[in-house]
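# Coordinate analysis (summary)
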Amino acid sequence: MGKQRVLSGVQPTGNYHLGNYLGAIRNWVEGQSEYENYLFVADLHAITVPHNPATLAADTYTLVALYLACGLDLEYSTIFVQSHVSAHSELAWLLNCITPMNWLEDMIQFKEKAVKQGENVNVGLLDYPVLMAADILLYQADKVPVGEDQKQHLELTRDIANRFNHQFASPEQPVLQLPDPLIRKEGARVMSLTDGTKKMSKSDPSDLSRINLLDPPDLITKKIKKCKTDLVRGLTFDDVERPECQNLLTLYMLLSGKTKGEVTAECQDMGWGQFKPLLTETTINALKPIQEKYQAVMDDKGYLESVLRSGREKASAIALSTLTQVKAALGYSLPL
């Protein structure tokens, strides 16, 4: 048997930070050889909320270059842009026509986001779970990495696939494969630099709350210098009264590659004035190879375009095969 196929998509929204890297990307990289990975930039999903047309393409390239800089290997991973494979939009339309409206109206994320958009809520926001189902089903994915906020979408995908197979195929020869959730080893939970009780987030209005993967050394120095701490001398793990201490020690442990015991012994008698320069130097050194690889990829536009061209070709071959099977099952005449 070959490797199981995993599909994952990320929107090109910029500001990828240490929380994204230590909480998810690093684990993907470490486990990528176990699977046949298809990773796409979900730029069609990016326009379901107000977006900036002037930066959409640039953000797309940034995400691809960061994937490569963080260690995704093209031997194991196919990287492509969602909008470059037209089968995504076409299959979404076909699946729209068999998906009951009430299934979409019951989606929790639609209800939450619709409240924020008010009268400006668009059809895409209601319908994007069907596009997400098309994304997954096109590639006959075995596994889809999901977090708590995406479990309902994967359940919907399975419901749509079951409905299609029941109406237009047979139990012996289903057209669409039912994907299973991939629960990855949980990465580090990295918290905000301004509030140790909240996750580091790119949606936080304060840039001082996070360290972005592409922050230059002087900005990293400024952010760590200004980050929230407490008045207690001596740094220790696992004190619920000191969430910032827990977060910053965890960052140092992960970025230095040291064990929890080693960090405890090293930092137990330190004050913040000693520790912050240590964390700053460690963070800058840890991000330096990622930033250098990112810059090298961005400077070689031909290479970046070749990665996406190759990714589109590989993805399109699989997607077109699935789309052709779906259209045949629906009774369409196929191109001669």
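Residues numbered from 1 in each chain as written. Predicted model: local features only at pLDDT ≥ 70, side-chain atom pairs only at ≥ 80, totals over all residues. Heavy atoms only, no water.

All right, on to the overall build of the chain then. In terms of helices and strands, the chain carries 12 helices and 5 strands. Radius of gyration (C-alpha) of the chain: 22 Å, near the 20 Å computed for a compact globule of 336 residues. Projecting the C-alpha coordinates of the chain onto the three principal axes gives extents of approximately 75 × 45 × 45 Å. Looking at the chain as a whole, 46% of its 336 residues are labelled buried. For the chain, long-range pairs separated by at least 24 residues make up 74% of all intrachain contacts whose partners lie at least 6 apart in sequence. A total of about 16,900 Å² of accessible surface is found on the chain, and carbon and sulfur atoms cover 53% of it. (Helix = DSSP H or I, 4+ residues; strand = E, 2+ residues; numbered from the N terminus. Rg over C-alpha atoms; globule rule 2.2 N^0.38 Å. Buried < 20%, exposed > 50% of the residue type's maximum accessible area, 1.4 Å probe, protein only. Contact = heavy atoms within 4.5 Å. Areas by Shrake-Rupley, 256 points an atom, 1.4 Å probe, with all protein chains shown as cover.)

Within the secondary structure layout, Arg-5 lies in strand 1 (residues 5–10). For Arg-5, the side chain forms a polar contact with the main-chain oxygen of Tyr-139, separated by 2.7 Å. Every residue in contact with Arg-5, bar those within four places of it in the chain, is listed here: Glu-36, Tyr-38, Tyr-139, Gln-140, Ala-141, Asp-142, Lys-143 and Ile-318. (Polar contact = N/O pair within 3.5 Å; in protein donor to acceptor, adjacent residues only side chain to side chain.)

Now for the pattern of salt bridges. Evaluated as defined, the whole model comprises 10 salt bridges. A salt bridge links Lys-327 to Glu-90; the shortest N-O distance between them is 2.9 Å. Taken together, the residues Lys-327 in helix 12 (residues 301–330) and Glu-90 in helix 3 (residues 87–96) connect sequence positions 237 residues apart. Look at Glu-90 and you get partly exposed, because its relative accessible area is 30%. One salt bridge connects Lys-260 with Asp-238, and the closest N-O pair in it is separated by 2.8 Å. Here Lys-260 is found in helix 10 (residues 260–267), whereas its partner Asp-238 is found in the loop between helix 8 (217–226) and helix 9 (243–256), with 22 residues between them in sequence. Classification of Lys-260 by relative accessible area gives partly exposed; the value is 38%. Classification of Asp-238 as exposed rests on a relative accessible area of 54%. Several salt bridges share partner residues, and in doing so they unite Asp-207, Arg-210, Asp-215 and Lys-223 into one network. (Salt bridge = Lys/Arg side-chain N within 4 Å of Asp/Glu carboxyl O.)

At Gln-140, a residue that is not glycine, the phi angle is positive and equals roughly 45°. Within the secondary structure layout, Gln-140 lies in the loop between helix 6 (123–138) and strand 4 (143–145). For Asp-238, which is not glycine, the phi torsion reads 65° and is therefore positive.

According to UniProt, the "binding site: L-tryptophan" (unreviewed entry) feature falls on Asp-135. Here Asp-135 lies in helix 6. Once residues lying within four places of it in the same chain are set aside, the contact partners of Asp-135 are Leu-7, Phe-40, His-45, Gln-82 and His-88. Among the polar contacts listed, one links the side chain of Asp-135 to the side chain of His-88, at a separation of 2.7 Å. (UniProt positions renumbered as here; feature names shortened; annotations may be inferred.)

This part is about the pairing of strand 2 (residues 36–41). Extensive coverage of strand 2 is indicated by the burial of 5 of its 6 residues. One ladder, built from 6 bridges, connects strand 1 with strand 2; its direction is parallel. Across the sheet, the residue bridging to Val-6 is Asn-37, located in strand 2. Across 5 bridges, strand 2 lies against strand 3 (residues 77–81) in parallel orientation. Looking at the pairing, Tyr-38 lines up with Thr-78 of strand 3. As a crossover connection, the stretch from strand 2 through helix 2 (residues 53–69) into strand 3 is right-handed. (Pairing = 2+ DSSP bridges. Right-handed = clockwise from strand over helix to strand, strands pointing away.)

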